Amino acid sequence: MYRTHNCGELRMEHVGQEITLSGWVQGSRDLGYMMYTDLRDRYGITQLIFTEGKTDKNLFEKARTLGREFVVKIQGTVIERQSKNPNIPTGNIEIQVTELDILNASKTPPFTIEDDTDGGEDLRMKYRYLDLRRKPLQESIMFRSKVAVETRSYLSQQGFIEVETPVLIKSTPEGARDFVVPSRMNKGQFYALPQSPQTFKQILMVSGFDKYFQLVKCFRDEDLRADRQPEFTQIDCEMSFVTQEDILNTFEGLTRYLFKACKGIDLPTLPRMTYDEAMEKYGSDKPDIRFGMEFHNLNDLAKGKGFSVFDNAELVVGINAEGQANHYSNKDIKKLTEWMQRPQIGAKGLVYVKWNEDDSIKSSVGKFYSDDDLKEWLHAFGAKKGDMLLILSGEDEKTRKQMNELRLEMGTRMGLRQPDDFKPLWVVDFPLLEWDEESERFHAMHHPFTSPKKEDVDRMLNGDHETMKSLRADAYDLVINGVEIGGGSIRIHNKELQSKNFELLGFTKEEAQAQFGFLLGAFDYGAPPHGGLAFGFDRLCAVMMTGHGAIRDFIAFPKNNQGRDMMIDAPSPIHNEQLDELCLKIHLDEEK
Ligand code: ASP
């Protein structure tokens, strides 16, 4: 028998018992006449003790050969500790070891297996199996498992059926690049890996499954950022005979259930905000509403007073950093301005107005505006003494984006974005189409099967080009703490409307037929009204556990920023014979 207990289990009530434990050696402290060794498994750490006089000499010598990460089995007696460690659950006891089996030796690990390790990113990715022994990673992977189990439990209770859809498919309409897989049996032809199961889940609705879900791997060949991975998991869902309201209610239910079951948190009813309101107040379609600091439009108050920068701007917009006036010296403001001017944000400048505690007003545009003018601005924000306005100006969309960054930064600096404070919301009424100036084309804001709102259908079928920009969709996103958790839409199930949408998106009839003919064909046989959504599962887990959206630690074997798996060293070249078989060699040779 390898163990009677695990390493996180023993307490005072076990004192006196003979037990067997197995695990990894975390480390030893050899004091000469006695030695402490920490034994670790995924349940915790238990202290072993070897004492001169009490421990058999040979056993003590053997214990001295133990290195970090050796795998051992020990037998011994649970005793009360002399100096207790209140920081760990097993901290009141230790094991007086009577037998020691070395099950496996270990090389010295390249970094310490501690909560805070000394290993750099690349090293830890290469030795992911060692990194995964660390408690924070063990906890996030176990948390993920819990969220998956609870998701399945909730959705199946609600009558959803889990259906697996294929991984070798053809291009899906999510707007990223496809990963492709060459077909050996159909030379020169390729499968695409699904960016999502979108078309399949819609077909499942045509087949009458009514409520579908799947925890599913999706693949998108995009440039990577901290919160992106080329393969990730979605909680993917679709429902028939539903309105947007039904879908929001169902998945608000899931969200609340998961927070309760996995975090013990009762979420309030989720507020809803239109896309327009989110952009107006927060300059973002994924606003962090843990704090206010909403945008105020200053066009009326700030223009026409002779300050040409504001006069020539499409938008003058500000936020009120409450109580910050005396926290920001000229030097601090300069630093903040430089931060805003970095190419990632690209602001031209930053204007401040401070209402000091002594009632004086100080501003970088004091030359152009009287104190009374500036007071009017402060009042427009509902500011108090001690507050500081931060103002940006320029082209509308750009300026809002920059202000969004500034608002988030100020929120962080002011401690208003606490990781254990959860403020989810629905953002609704997204535009149907997005006009891309560069390519002079419309793109689907969500995807090409998204339905316009009922009241916009007429305008879509009969309106002019400008009208198309104002169409709203039955499309929605769930946002938690400024992180987009997922989204979905009611789908078009009417042929005329779908054709019109394809036409607006620049597909010819033939192109639409070639890419989505199978779906359109299915729609000829009685498609029910339907809609759905997908949550990013990795991201949901990350936000629930850490308050932010960095997903890498919630995926057991992630890729690095270059899309590489450092542990198995993928992607990697393949043999010429394999290339030959796939008919790929010729093409590669030509490239050279
Ligand atoms: N397939 C969509 C996505 O991956 C979600 C949906 O519309 O259901 O974002």
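Within each chain, residues carry numbers counting from 1 in the order of the written sequence. A pLDDT threshold of at least 70 governs which residues receive local features in this predicted model, and a stricter bar of 80 or more applies before side-chain atom pairs are shown or counted, although totals over entire chains, interfaces and linings include all residues. Just so you know, side-chain values use all the structure's heavy atoms and leave hydrogens and water out.

## Some remarks on the sheet that holds strand β6 (residues 161–162)
The test is simple: Two strands pair if DSSP finds at least two bridges between them. Helix numbering and strand numbering both begin at the N terminus, where a helix is a DSSP run of H or I of at least 4 residues and a strand a DSSP run of E of at least 2. Whether two residues are in contact is decided by their heavy atoms, any of which lying within 4.5 Å being enough. Each axis is a line fitted through C-alpha atoms, taken for helices only over the stretch in contact, and angles between the N-to-C directions span 0 to 180 degrees.
The strand order β6-β9-β10-β22-β21-β20-β17-β11 describes an open sheet built from eight strands, whose pairing is mixed. At either end of the open sheet lies a strand with only one pairing partner, and these are β6 and β11 (272–274). As judged from the five bridges shared by strand β21 (residues 483–490) and strand β22 (residues 530–536), these two strands associate in the antiparallel manner. Bridge pairing in β22 places Ile490 opposite Gly531. Sheet strands in contact with helix α6 (residues 244–263) are β10 (231–240), β11, β17 (424–428), β20 (475–480), β21 and β22, and its direction is about 30° off that of β22.

## A closer look at the side chain of Thr55
One can find Thr55 in the loop between β3 (44–51) and α1 (57–64). With sequence-adjacent residues up to four places away left out, Thr55 is seen in contact with Ile49, Phe50, Phe60, Gln96 and Val97.

## Quick look at the pattern of salt bridges
Any two side chains of opposite charge can pair, given that their charged atoms come close. This is how it is decided: When a carboxyl oxygen of Asp or Glu lies within 4 Å of a side-chain nitrogen of Lys or Arg, that pair is called a salt bridge. To sort residues, take the accessible area from a 1.4 Å probe on protein chains only and compare it with the maximum for the residue type: under 20% means buried, over 50% means exposed, and anything in between is partly exposed.
In total, this model carries 43 salt bridges according to the counting rule given. Glu69 is the salt-bridge partner of Arg40, the closest N and O atoms lying 2.7 Å from each other. Within this pair, whereas Arg40 is found in strand β2 (residues 34–41), its partner Glu69 is found in the loop between α1 and β4 (71–80), the two being separated by 29 residues in sequence. Of the two residues, Arg40 and Glu69, both sit in the buried class. With a closest N to O distance of 3.8 Å, Lys401 and Glu397 form a salt bridge. Taken as a pair, Lys401 and Glu397 lie in helix α12 (residues 396–413) at a separation of four residues, close to a single helical turn. Counted as one network, the salt bridges with shared partners bring together Glu121, Arg124, Arg128, Asp131, Arg134 and Arg552.

## Quick notes on the site of the ligand
Heads up, the condition is: Nearness is judged by heavy atoms alone; a residue qualifies as near a molecule or strand once a single heavy atom is within 4 Å of it. Whenever two N or O atoms come within 3.5 Å, that pair is a polar contact, provided that in protein one can donate a hydrogen and the other can accept it, and provided that, for residues adjacent in sequence, both atoms are side-chain atoms. Only the protein chains shown count as cover for residues, and the accessible areas themselves come from Shrake-Rupley with a 1.4 Å probe. Any residue outside Ala, Val, Leu, Ile, Met, Phe, Trp, Tyr, Cys, Pro, Asp, Glu, Lys and Arg is labelled polar, Gly included; the first ten of those are nonpolar and the last four are charged.
Neighbouring residues of the ligand: 14 residues in total, closest Glu174, Gln198, Lys201, His446 and Arg491. In the environment of the ligand, a nitrogen atom lies 3.3 Å from a nitrogen or oxygen atom belonging to the side chain of Ser196. Between the ligand and the protein, one listed contact pairs an oxygen atom with a side-chain N or O atom of Gln234 at 2.9 Å. For the ligand, whose unbound accessible area comes to 270 Å², protein coverage reaches 92%. Among the elements of the structure, α5 (198–206), β21 and β22 are those that each provide at least two residues to the shell around the ligand. Per element, the largest residue contribution to the shell around the ligand is three residues, and it comes from β22. Residue composition of the shell around the ligand, by class: two nonpolar, eight polar and four charged.

## Overview of the sheet that holds strand β5 (residues 93–104)
Strand order in the closed barrel formed by five strands is β1-β2-β3-β5-β4, and the pairing between neighbours is mixed. Strand after strand, the sheet turns through a mean of 55° between neighbouring axes, direction not considered. Examined bridge by bridge, β3 and β5 share two bridges and lie parallel to one another. Paired with Ile49 across the bridge in β5 is Gln96. Sheet strands touched by α1: β1 (18–30), β2, β3 and β5. Its angle to β5, the strand with the most contacts, is close to 70°.

## Observations concerning the side chain of Gln324
Assignment of secondary structure puts Gln324 in the loop between β13 (315–321) and α10 (330–341). Non-local contacts of Gln324, meaning those with residues more than four positions away in its chain, are made with Gly386, Asp387, Met388, Met410 and Met414.

## With respect to the packing of α5 against helix α16 (residues 509–523)
Put simply, the rule is: Here is the rule for angles: anything less than 35 degrees is roughly parallel, anything more than 145 is roughly antiparallel, 65 through 115 is roughly perpendicular, and the remaining ranges are oblique. If you view the pair so one helix is near and one far, a crossing is left-handed when the near helix is turned anticlockwise from the far one by less than a right angle, and right-handed when it is turned clockwise.
Across the interface, α5 lies against α16 with an axial gap of 10 Å and an inter-helix angle of 15°. The angle between α5 and α16 falls in the class roughly parallel. Remark: the crossing between α5 and α16 carries left-handed chirality. Here α5 contributes Thr199, Gln202, Ile203 and Val206 to the contact with α16, which in turn contributes Phe516, Phe518, Leu519, Ala522 and Phe523.

## Some remarks on α10
What counts here: The span you would expect from a helix comes to 1.5 Å times its residue count less one. Arc definition: it is the arc formed by the directions from the helix axis to the C-beta atoms.
Here α10 is twelve residues long and its end C-alpha atoms lie 16 Å apart, about the 16 Å a rise of 1.5 Å per residue gives. For α10, the full list of buried residues reads Ile333, Leu336, Thr337 and Met340. Projected down its long axis, α10 carries its buried residues within an arc of 100°, all on one side. Those residues of α10 that are exposed and aimed more than 90 degrees away from the buried face are Lys331, Lys334 and Lys335. Elements in contact with the buried residues of α10: β14 (351–355), β16 (388–394) and α12.

## Re α16
With 15 residues, α16 should cover 21 Å at 1.5 Å per step; its first-to-last C-alpha distance of 16 Å lies more than 12% under that length. Contacts from the buried residues of α16 go to α5, α15 (495–504) and β22.

## Structural notes on the packing of aromatic side chains
In plain terms, the rule: Side-chain rings of Phe, Tyr and Trp (the six-membered ring for Trp) are treated as a pair once their centres are within 6.5 Å; stacked means planes under 30 degrees apart, edge-to-face means over 60, and tilted covers the remaining angles.
With the rule as written, the count across this model stands at 20 aromatic pairs. Ring centres of Tyr127 and Tyr129 lie 6.1 Å apart, and the angle between their planes is 80°; on these two criteria the pair is classed as edge-to-face. The partly exposed category is assigned to Tyr127, whose relative accessible area is 24%. Taking the relative accessible area as the measure of exposure, Tyr129 reaches 44% and is therefore partly exposed. Measuring from ring centre to ring centre gives 5.2 Å for Phe449 and Phe516, while their planes differ by 80°; the resulting arrangement is edge-to-face. On the criterion of sequence distance, the pair formed by Phe449 in the loop between β19 (441–444) and α13 (457–462) and Phe516 in helix α16 is long-range, its members being 67 residues apart.

Note that all results are geometric; they support no functional claim without further evidence.
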